[in-house]
Amino acid sequence: MDLSPHLPSSGRALVVAAAVVDDLRTPTRLLAARRTGPSVLAGGWELPGGKVELDETPLEALHRELREELGVVVEVGPPVDGPLPGRSWLLGERYEMLVWLAVVVEGEPAAIEDHDEVRWLGAGHLFDVAWLPADLPIVERLEARFGAS
Ligand code: 523
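The structure presented is a predicted model; accordingly, all values stated were derived computationally and were not measured.

A. Unusual backbone geometry, seen in detail. The amide bond that connects Gly37 to the next residue, Pro38, takes the cis arrangement and shows omega of -10 degrees. Inspection of the secondary structure puts Pro38 in the loop between β2 (29-35) and β3 (45-46). At Arg87, a residue that is not glycine, the phi angle is positive and equals roughly 65 degrees. Along the chain, the position of Arg87 falls in the loop between β5 (73-79) and β6 (89-91). The exposure class of Arg87 is exposed, given its relative accessible area of 52%.

Written out as structure tokens, the structure reads:
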């Protein structure tokens, strides 16, 4: 399998995340998860996800991370395009991140691993949590897809 289109040419490692919503077409709620570590990120809220391992595709990594961290099976929807080549989002110096919309098809999101709280944010409340700095512009981009609160 040719994975090269997915790999950043920047030298940054690839991370994937999901904007888990209640409905792909007309979302009214977005899932936020609060990190437990490392200390510099602990307490910050993020779109759940994690690093792509060498032996998996980005979408395989996304499904694995959501299963491990939140205990859910998701259906993945359209990407949330970022400004970098490859449509990823910059995460500091070391990482860049691909993001997709997703809906839960099995299970109830819970803080199983790497988080101590998950929260559904309604339209109009998308900025009620302290998003990680890297996630903030992504949520700002997502806001346009949400209906009025
Ligand atoms: N971010 C980030 N936002 C965000 C994610 C999923 C990740 O800023 N929505 C950053 C946090 C870390 C780096 O990306 O600096 C790697 O993500 P991490 O730690 O969630 O990756 P994991 O879960 O694969 O890490 P391990 O604990 O090593 O398995």
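B. Geometry of the layout of surface pockets. In this structure, the largest pocket encloses a volume near 500 Å³. Lining the largest pocket are 23 residues, with Val15, Arg35, Leu41, Glu46 and Gly50 positioned closest to its centre. The set of elements that each furnish at least two residues to the lining of the largest pocket consists of β4 (49-51), α1 (58-70) and β7 (95-106). The residue inventory of the lining of the largest pocket, partitioned by class, reads 11 nonpolar, 2 polar and 10 charged.

C. Just the packing of aromatic side chains, in detail. Overall, the coordinates contain 0 aromatic pairs when judged by the stated rule. In this structure, Arg29 packs its charged tip against the face of Trp120, placed 4.5 Å from the ring centre.

D. A look at the site of the ligand. Neighbouring the ligand are 17 residues; Arg35, Glu46, Leu47, Lys51 and Asp135 lie closest to it. Between the ligand and the protein, one listed contact pairs a nitrogen atom with a backbone N or O atom of Leu47 at 2.7 Å. Within the complex, the protein chains bury 76% of what would otherwise be the 610 Å² of accessible surface of the ligand. Judged by the proximity of its atoms to the pocket grid, the ligand belongs to the largest pocket. Secondary-structure elements contributing two or more residues to the shell around the ligand are β4, α1 and β7. The greatest single-element share of the shell around the ligand, amounting to 3 residues, is contributed by β4. Counted by class, the shell around the ligand contains 8 nonpolar, 2 polar and 7 charged residues.

Procedures and definitions
Residue numbers restart at each chain and count upward from 1, following the sequence in its written direction. The model is predicted, so local features are restricted to residues of pLDDT at least 70 and side-chain atom pairs to those at 80 or more, both for listing and for counting; the totals for chains, interfaces and linings are taken over all residues. To obtain the side-chain values, all non-hydrogen atoms of the structure were used and water was disregarded. In this description a helix means any DSSP run of H or I spanning at least four residues, a strand means any run of E spanning at least two, and both kinds are numbered starting from the N terminus. Whether a residue is buried, partly exposed or exposed follows from its accessible area with a 1.4 Å probe, protein chains only, as a fraction of its type maximum: under 20%, in between, or over 50%, in that order. Only protein atoms enter the 1 Å grid used here. Points where a 1.4 Å probe fits but cannot escape make up a cavity, open sets with protein on both sides within 12 Å along at least five of seven lines make up a pocket, and a residue lines them when an atom lies within 4 Å of a point. Grid points are joined across faces, edges and corners, and a volume is the space filled by probe spheres set on the points. Classes in brief: Ala, Val, Leu, Ile, Met, Phe, Trp, Tyr, Cys and Pro nonpolar; Asp, Glu, Lys and Arg charged; the others, Gly included, polar. Only centres within 6.5 Å qualify two rings of Phe, Tyr or Trp (six-membered ring in Trp) as a pair; their planes then separate them into stacked at under 30 degrees, edge-to-face at over 60, and tilted for everything else. The rule is short: NZ of Lys or CZ of Arg within 6 Å of the ring centre and within 35 degrees of the ring normal puts a charge over the ring. Here a residue counts as near a molecule or strand whenever at least one of its heavy atoms sits within 4 Å of it. In the analysis that follows, any N or O atom pair within 3.5 Å is treated as a polar contact, provided that within protein one partner can donate a hydrogen and the other can accept it, and provided that, for residues neighboring in sequence, both atoms belong to side chains. The accessible surface values rely on the Shrake-Rupley method and a 1.4 Å probe; as for residues, cover is taken only from the protein chains in view. To qualify as sitting in a cavity or pocket, a molecule needs more than half of its atoms within 2 Å of the grid points.

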